[in-house]
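Per-entry structural report
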Protein chains: 2
Amino acid sequence: MSTEWKELVGNLVEDGDNATSDLETVIALKQQDTEEVALLLESLPIEQRLATWRSLDSEERFAVLLQMRADPRERILDDFSKEELDDLLTGLDASELLELADSLSPRLIERALNRMDEQQQQWYLSAQQYNEAQGGHWARHDTLALPQNARVRDALRLLRRRHPEHRDTIFLTDRVGKLAGCVLLSELWAQPEHISLAELVEDSVPVLQAQDAALESALKVQTAKIASLPMVDAQDKLIGCLDITTACELVNEFHEAKLMASAGMDENEDLFGPVRKSAQGRAVWLGINLLTAFAASWFIGLFEATLQQVVALAVLMPVVASMGGISGSQTLTLMIRGLALRQVSSANRNVLLKKELSVGLLNGVIWATVVGIVASLWFSDNAIGLVIGVAILLNIVAAALSGVIIPVVLDKLRIDPALSGSVILTTVTDIVGFVAFLGLGTLFLV
Amino acid sequence: MSTEWKELVGNLVEDGDNATSDLETVIALKQQDTEEVALLLESLPIEQRLATWRSLDSEERFAVLLQMRADPRERILDDFSKEELDDLLTGLDASELLELADSLSPRLIERALNRMDEQQQQWYLSAQQYNEAQGGHWARHDTLALPQNARVRDALRLLRRRHPEHRDTIFLTDRVGKLAGCVLLSELWAQPEHISLAELVEDSVPVLQAQDAALESALKVQTAKIASLPMVDAQDKLIGCLDITTACELVNEFHEAKLMASAGMDENEDLFGPVRKSAQGRAVWLGINLLTAFAASWFIGLFEATLQQVVALAVLMPVVASMGGISGSQTLTLMIRGLALRQVSSANRNVLLKKELSVGLLNGVIWATVVGIVASLWFSDNAIGLVIGVAILLNIVAAALSGVIIPVVLDKLRIDPALSGSVILTTVTDIVGFVAFLGLGTLFLV
């Protein structure tokens, strides 16, 4: 698989504009599913991406487009002719338009909406009542639902007519549309037709609230034993379900966004986006980091006189900052995981702080000793060994403290600690490290 | 939910050893599912964790234990009496023993195996033929399987008898046990009993190979439209299936392991593990980083004479290193995502390198200018502005180069770039930054 894939990308990158005529490539593409083709298109430089896109079957094209990340998708949409755009807008259903909404102008969304039937329009507008961070935005509306007084025979009739993917539960509703219970399809095989569905209700099915966090709801679907959970609005009315496919997309996007955010990037960044756009997207993060680097420099500048007299301090400075940065980022990463899993809260924060401080103290003493000895030998000066040892101990303890406190504070301010946590932390450890080391140096070495 | 949870943890942390008598807590715990309880136990300091564990229903206890991470689980297992251990080992089936195997001694595994029936023993041993990185290790063996000449009525008989979770497909096998096709349960509702299942085979179901990478197989299950995919061995014999619950666990563990690895930690690290064990687990990473920090210091040491004459260089040094480190880590993160998604390969590597170098050049020029101007003004010296500007430009371009090359090389060596990529990268950007800046300083400022 992996080798075939590599060859495929290789052929496409080499052939470039001739991809349309490359019969083998097209056949290979057809054997992939749409998600794989979407990933493949994202892996191609822009020219080849467009050529390969044009070589796809027209039925497959739009399905692939829906699976792509927003940024690389825009490259393709930009190249659409008026007819292609028209074709695209005509075929969309509510959930597809939701996926694409970010990449379309309000005018185009309006046009797509006008071409939908009334029910799809209504589903689209109902999803728009919730923002992307809420489960309600991602609900599927094609559920298997029946009135609560229905019988097994009604269920069978419904199932013979239609059966959307990952629907292994029938939702029962009362007269006003409130969720009244869930019946597992697996229960139906053994039941006579006249039995009332109400008798077969499974009580242990978790019910999702549309206004709740999408991520939390998605995780509930992943651990549930059924493939889609019912979702209700604030009035307990059944609005649809969150199915396992959507849940996995939401959870995986969350992880990917965390990874990209940790380097100050957008999760949608195109591997082969235009240079100017990529540079722009990353410049903000570089700018913020520059400010913090200048702040650290300013603190170093306070000790210019000392540095001039004891150059060894300038040589060893990065060691102090780096040891603090690394041990702080370990605590920070543990906290980020803990906060994401809701394992860290005000209840256990103090115990955790105490534990991390103890770990910092232990590692601090060990590494302070190691670095102190190395520095003493290097510069044949025991005083400098002592100064760097104490500075490292202080910095590692400060790092443990910051590693616990910074993410907790950011979380309270509803700022993602994965994005800004590390830059704040390294600013603290840089400054504490430089000031402790150069300050102690000024006191004892000058 | 979130508030209730916080209160619950709060009560447990405060009450400590009295948790057993805290009726409300126990009732609250029962309303959570086992995964939530497992997370809760991991959120508790060790004393309270044990007390709360003891307050759980005995039926629920082992289910919770299976859901816990290895490290926090060991804290509980360490506290088991001989009888409790005996109870635990008696009830285990093959997949439960697989989950626990890491935490049990070979002697205890042997004991658990001896108490299983023959089929479960065989399933356990068959899973052990594959390592944890292979899909075969995680296969579920309780599939719905029938001979390929079976009819709809045979399927209905099977379904009335038993229906494991997330089994929405019947697998057909030939006489020697080879997979002969898959029939979706949703097809059965509308079919008369005498129809042969062979007529209903759905061709588009992906088949997993037991020896393939577990992560790749899990991702296929997540995007498939059915809840468990068939898995075959090298002889095409059906050995079981990978279901969506296991697939989600595998994918989420992968993401979590990446996050923890990026700070040099084990994914299983216990939030409240013993101080000594935590310190030990993190010390290796601190040690590796110390070596790289000393390497950077050694290079700075080469310029001692220059630093003594131009102290401004010591003050500004961290800015050069930091700008290179940040822009390099942006490229690295993009590459890590690309490699994980199989989007980066030898086929498009050169195009990608060219693009990242262009982004680096553009951002390099911009930020070199900004930093150059600020430094000129700060030290009232245009030469220092020029020197730092050129050094930053060089370092950002070197960072882009390293950001592409380092993960590709690590990937070829089968080393996870998420673990060691950033430490190698910052070593490069530190050294290039210091040498370029201090070298240019020596040439033009002394």
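Residues numbered from 1 in each chain as written. Chains lettered and ligands numbered in written order. Predicted model: local features only at pLDDT ≥ 70, side-chain atom pairs only at ≥ 80, totals over all residues.

Notes on the overall build of chain A
- On a plain count of helices and strands, chain A comes out with 20 helices and six strands.
- Taken over C-alpha atoms, the radius of gyration comes to 29 Å for chain A, far larger than the 22 Å a tight globule of 446 residues would show.
- Taken along its principal axes, the extent of the C-alpha atoms in chain A is 90 × 60 × 40 Å.
- Across the 446 residues in chain A, those meeting the buried criterion constitute 46%.
- Of the contacts formed within chain A by residues at least 6 apart in sequence, a portion of 68% connects residues at least 24 apart. (Helix = DSSP H or I, 4+ residues; strand = E, 2+ residues; numbered from the N terminus. Rg over C-alpha atoms; globule rule 2.2 N^0.38 Å. Buried ≥ 20, exposed ≤ 12 C-beta atoms within 10 Å, placed from the backbone. Contact = placed C-beta atoms within 7 Å.)

Re the relation of the copies chain B and chain A
- Expressed as a screw operation, the relation of chain B to chain A combines 0.0 Å of axial shift with a rotation of 180°, fitting to an RMSD of 0.0 Å. The superposition of one copy onto the other is thereby described by a two-fold rotation axis. The rotation axis passes nearest to the C-alpha of B:Gln308 in chain B, at a distance of 2.6 Å.
- Most of the interface of chain B is mirrored in chain A, where 100% of its interface residues are also at the interface. (Least-squares fit on C-alpha atoms with pLDDT ≥ 70 in both.)

Structural notes on the domain arrangement of chain A
- Considered domain by domain, chain A is made up of domain 1 (2-130), domain 2 (145-261) and domain 3 (275-444).
- On a C-alpha basis, the centres of domain 2 of chain A and domain 3 of chain A stand 48 Å from each other. (Domains from an automatic or database assignment.)

Details of the packing of helix α17 (residues 311-340) of chain B against helix α18 (residues 349-379) of chain B
All names here are of chain B.
- Axis separation between α17 and α18 bottoms out at 12 Å; the angle between their running directions is 160°. One finds that α17 runs roughly antiparallel with respect to α18. Note on packing geometry: the crossing formed by α17 with α18 is right-handed. Contacts from Ala-312, Leu-316, Val-319, Met-323, Ser-327 and Thr-331 in α17 reach Glu-356, Gly-360, Asn-363, Trp-367, Val-371, Ala-375 and Phe-379 in α18.
- Of the residues belonging to the contact of α17 with α18, the class tally is eight nonpolar, four polar and one charged. (Axes fitted to C-alpha atoms, helices over the stretch in contact; angles between N-to-C directions. Parallel < 35°, antiparallel > 145°, perpendicular 65-115°, else oblique. Left-handed = near helix turned anticlockwise from the far one by under 90°. Nonpolar A, V, L, I, M, F, W, Y, C, P; charged D, E, K, R; others polar.)

Topic: the pairing of strand β3 (residues 179-184) of chain B
All names here are of chain B.
- Both strand β2 (residues 169-173) and β3 contribute to a ladder of five bridges, which runs antiparallel. Residue pairing for β3: Thr-169 is matched across the bridge by Leu-184.
- Counted along the chain from β2 to the antiparallel partner β3, the turn is five residues long, and its residue Gly-177 has a positive phi close to 90°. (Pairing = 2+ DSSP bridges.)

Description of the interface of chain B and chain A
- With 95 residues of chain B at the contact, the number on the chain A side is 95 residues.
- Here the residues of the side of chain B that touches chain A sort into 49 nonpolar, 29 polar and 17 charged.

Re the nonpolar core
- A:Phe437 and B:Phe437 are the most contacted members of the largest nonpolar core, which totals 157 residues.
- Once residues lying within four places of it in the same chain are set aside, the contact partners of A:Phe437 are A:Leu313, A:Met317, A:Val320, A:Val387, A:Ile388 and A:Ala391.
- Within the second largest apolar cluster, 86 residues are counted, among which are A:Leu89, A:Trp123, B:Ala94 and B:Leu238. (Core = buried A, V, L, I, M, F, W, Y, C linked by C-beta atoms within 7 Å.)

Section: the environment of A:Val390
Residues and elements named next belong to chain A.
- Within the secondary structure, Val-390 sits in helix α19 (residues 382-412).
- Taking the number of C-beta atoms within 10 Å as the measure of exposure, Val-390 has 17 and is therefore partly exposed.
- When the C-alpha atoms of Val-390 and Val-365 are compared, they prove to be 8.7 Å apart, with 25 residues separating the residues in sequence.

Let's talk about the confidence of the model for chain A
- The predicted model of chain A averages 89 in pLDDT, with 94% of residues at 70 or higher.
- Overall, residues 16-21 of chain A carries pLDDT values under 50, and its contacts beyond four positions in sequence, including any with other chains, amount to 14 contacts. (pLDDT = per-residue confidence, 0-100.)

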